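For reference, the chains in residue letters:
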Amino acid sequence: MAFTLSGNDACQATLPTPIPNPYWVAFSPSSAKLVGIDLDENHLPVDKTWLEVLSGNGLNTANHQFPNPMATAYSGHQFGVWAGQLGDGRAILLGDIASQELQLKGAGITRFSRMGDGRAVLRSSIREFLCSESMHALGIPTTRALSIVGSDMPVRRETLETAAVCARLAPSFIRVGHFEHYASLQNHARLKELADYLIEIHYPESLQTDEPYLELFKRICARNANLVAQWQAVGFCHGVLNSDNISVLGLTIDYGPFGFLDQFQIDHICNHSDQGGRYAYHRQPQIMHWNMACLASAMIPLLELRHGEKEAQDLLRSALEEFPNTYARAWQSLFRNKLGFSTEQDRDVALIERLLQAMHDSKVDFTNFFRNLGKLKSKLPISQISLRDDFIDRDAIDLWFVDYLARLQSESSNDSERHLAMNRVNPKYILRNHLAQFAIEQAQKKDFSEVSKLLKILSNPFDDQPEFASYSLAPPPDMDMVEVSCSS
Ligand code: AMP
Ligand code: MG
């Protein structure tokens, strides 16, 4: 059930603006299944009216399934600075389908479009579509993508591109920015309605404590701490972790200039507009913590009624202080699994950090290193471990391997069992920028087969899929570490 408030000017009835001659670019069978849409042998909806609905064209007459499309207001901090009101400038919420909310991104101008054109280009829609579905298959909480509908309608960015509409799904699209919006307007009644709605529908466990709002805050923090740990463990950089791009369900949301690490560079910046590196890979955990502090501030009025201002602040502050601990526990557990450990030992953190430092120093491919580490035969002499050839400082990595093998020995690790377990957590296939780029270039020539192919490969990222092995390779030297434009 979408969060709608009658008479609430933050939820504006908004119809999508039609696009000329829409055509299918992509459809996700897995998302279709989630919401009960039947597909034909071409993996497109049997019911042809979906093209009209998901292009935004079919909603101008009374549509019985989605009678109340709307855009919502939210506010937020962008690059650490209060930006005031933002809102759904190009995303229109159609309504609910099978306990998901359905949103069309790029569906035209809304009350909140400010200077924007309300559109999204094919390039960025393909990136969002593929990454959403890839993240889901990696087991990382995310908004889902159902479809992309294209049109030859020109859209101006740095160059002239064409328009697309990406249909997204989520149990809720509510962001930290929605809380900040009502808090900044000092509209405490709406703030309370928003929190009550979230508790009722998405966090009912909060009602089992005598502090439901504080519990809600703790749970949102915990979900986002776990989320960012999962990003770190697959080398995902979001690129624009503004508070309006942070989901209160702990979902990855708003795919823009994101990037997966190819070579491991701890301070990698994927967004070329992020000159100061605020959203660099290694800063993501502390930035998420910062965003949770924004949420805490916005939630003070909810606790104030009962506790007074000072105590409300103290309660939220101490809940916020749990964030680094929750994050560290999640991160350690994920990296232990990546290294194939089935027990916890005190020395593990130092071992993980030494490895990451060595990988950074030698710019080792993040995904392939962990995937290949699973194949390690623990009886092999160190000098014969081929992975050591990826490192410039052989002495340092040899010492690391000595300690790693000793660590495995200490829990009597079995090579084949460990290999299987590591393959379940270390993906072979991620959405590398050069792969997305190739699919985009084909699609811009009206060949959408590469998008479907990538979707298929990335839907099973932990399977070997030997026929697609070339999709697991690091990018060719001229394509590595592509920085991506914010314009989308
Ligand atoms: P983003 O950086 O994509 O999360 O967007 C930040 C804000 O700008 C959000 O309020 C978006 O809705 C809005 N926005 C981004 N691109 C456009 C566009 N082309 N037209 C209208 N609003 C946009
Ligand atoms: Mg956004």
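So, how was this worked out
Residues numbered from 1 in each chain as written. Chains lettered and ligands numbered in written order. Predicted model: local features only at pLDDT ≥ 70, side-chain atom pairs only at ≥ 80, totals over all residues. Heavy atoms only, no water. Axes fitted to C-alpha atoms, helices over the stretch in contact; angles between N-to-C directions. Helix = DSSP H or I, 4+ residues; strand = E, 2+ residues; numbered from the N terminus. Parallel < 35°, antiparallel > 145°, perpendicular 65-115°, else oblique. Left-handed = near helix turned anticlockwise from the far one by under 90°. Contact = heavy atoms within 4.5 Å. Nonpolar A, V, L, I, M, F, W, Y, C, P; charged D, E, K, R; others polar. Expected span 1.5 Å × (residues − 1). Buried < 20%, exposed > 50% of the residue type's maximum accessible area, 1.4 Å probe, protein only. Arc of directions from axis to C-beta. Donors = N, O, S within 2.8 Å, 3.2 Å for Na, K, Ca; no water. Near = heavy atom within 4 Å. Polar contact = N/O pair within 3.5 Å; in protein donor to acceptor, adjacent residues only side chain to side chain. Areas by Shrake-Rupley, 256 points an atom, 1.4 Å probe, with all protein chains shown as cover. Salt bridge = Lys/Arg side-chain N within 4 Å of Asp/Glu carboxyl O. Pairing = 2+ DSSP bridges. Phe/Tyr/Trp six-rings, centres within 6.5 Å; stacked < 30°, edge-to-face > 60°. Lys NZ or Arg CZ within 6 Å of the ring centre and 35° of its normal.

1. Notes on the packing of helix α10 (residues 348-362) against helix α12 (residues 394-410)
- In the contact formed by α10 and α12, the axes pass within 11 Å of each other and the chain directions differ by 150°. Judged by the inter-axis angle, α10 sits roughly antiparallel to α12. The two elements α10 and α12 cross, and the hand of that crossing is left-handed. Counting all contacts with α10, which are made through Asp348, Leu351, Arg354, Leu355 and Ala358, the residues of α12 involved are Ile397, Leu399, Trp400, Asp403, Tyr404 and Arg407.
- Grouping the amino acids of the contact of α10 with α12 by side-chain chemistry returns seven nonpolar, no polar and four charged.

2. Things to note about helix α8 (residues 309-320)
- Here α8 is twelve residues long and its end C-alpha atoms lie 16 Å apart, about the 16 Å a rise of 1.5 Å per residue gives.
- Among the residues making up α8, those that are buried are Ala312, Leu316, Ala319 and Leu320. An end-on view of α8 places all buried positions within 105° of arc, on one side of the element.
- Considering only its buried residues, α8 is in contact with α6 (212-234), α7 (284-307) and α9 (323-338).

3. Regarding the coordination of the magnesium ion (ligand 2)
- Every protein donor of the magnesium ion (ligand 2) is listed here as Asn245 (OD1) and Asp254 (OD), and their distances to the metal cover 2.0 to 2.1 Å. Residues Asn245 and Asp254 agree in their burial class; the two are buried.

4. Here's the deal with unusual backbone geometry
- Even without glycine at this site, Asn21 takes up a positive phi of about 40°.
- Among the secondary structure elements, Asn21 is positioned in the loop between β1 (11-13) and β2 (23-27).

5. A look at the site of ligand 1
- Surrounding ligand 1, one finds 16 residues, the nearest of these being Gly87, Gly89, Arg114, Asp117 and Gly118.
- Between ligand 1 and Arg90 there is a distance of 3.2 Å, counted from a nitrogen atom to a side-chain nitrogen or oxygen.
- Its free accessible area being 480 Å², ligand 1 has 80% of it covered by the protein chains.
- Looking at the shell around ligand 1 residue by residue, the class counts come to two nonpolar, seven polar and seven charged.

6. Re the pattern of salt bridges
- For the structure on display, the rule yields 26 salt bridges.
- Glu128 serves as the salt-bridge partner of Lys105, at 2.8 Å between the closest nitrogen and oxygen. Taken together, the residues span a long stretch of sequence, with Lys105 in strand β7 (residues 100-105) and Glu128 in helix α3 (residues 122-137) at a distance of 23 residues.
- Lys105 gets classed as buried once you look at its relative accessible area, which sits at 10%.
- Across the pair Asp152 and Lys446 runs a salt bridge, and its minimum N-O distance is 3.0 Å. Note that Asp152 is positioned in strand β9 (residues 144-156) and Lys446 in the loop between α14 (433-444) and α15 (449-458), a separation of 294 residues in sequence.
- Taking relative accessible area as the criterion, Asp152 reaches 48% and is therefore assigned partly exposed.
- For Lys446, a relative accessible area of 44% translates into the label partly exposed.

7. Examining the pairing of β7
- Most of β7 sits out of view: six of its six residues are buried.
- Linkage of strand β6 (residues 91-97) to β7, two consecutive antiparallel strands, is achieved through a turn of two residues, within which Ala98 is found at a positive phi near 45°.
- As paired strands, β7 and strand β10 (residues 160-170) are joined by five bridges and run antiparallel to one another. Within β10, the residue paired with Leu104 across the bridge is Ala167.

8. Digging into the packing of aromatic side chains
- Going through the model one piece at a time under the given rule, you end up with 20 aromatic pairs.
- Three or more aromatic residues link up through ring pairs in this structure, and these residues are Phe264, Tyr281, Trp331, Phe335, Phe366, Phe369, Phe370 and Phe391.
- Lys338 extends its terminal NZ or CZ atom over the ring of Phe370, reaching a point 4.6 Å from the ring centre.

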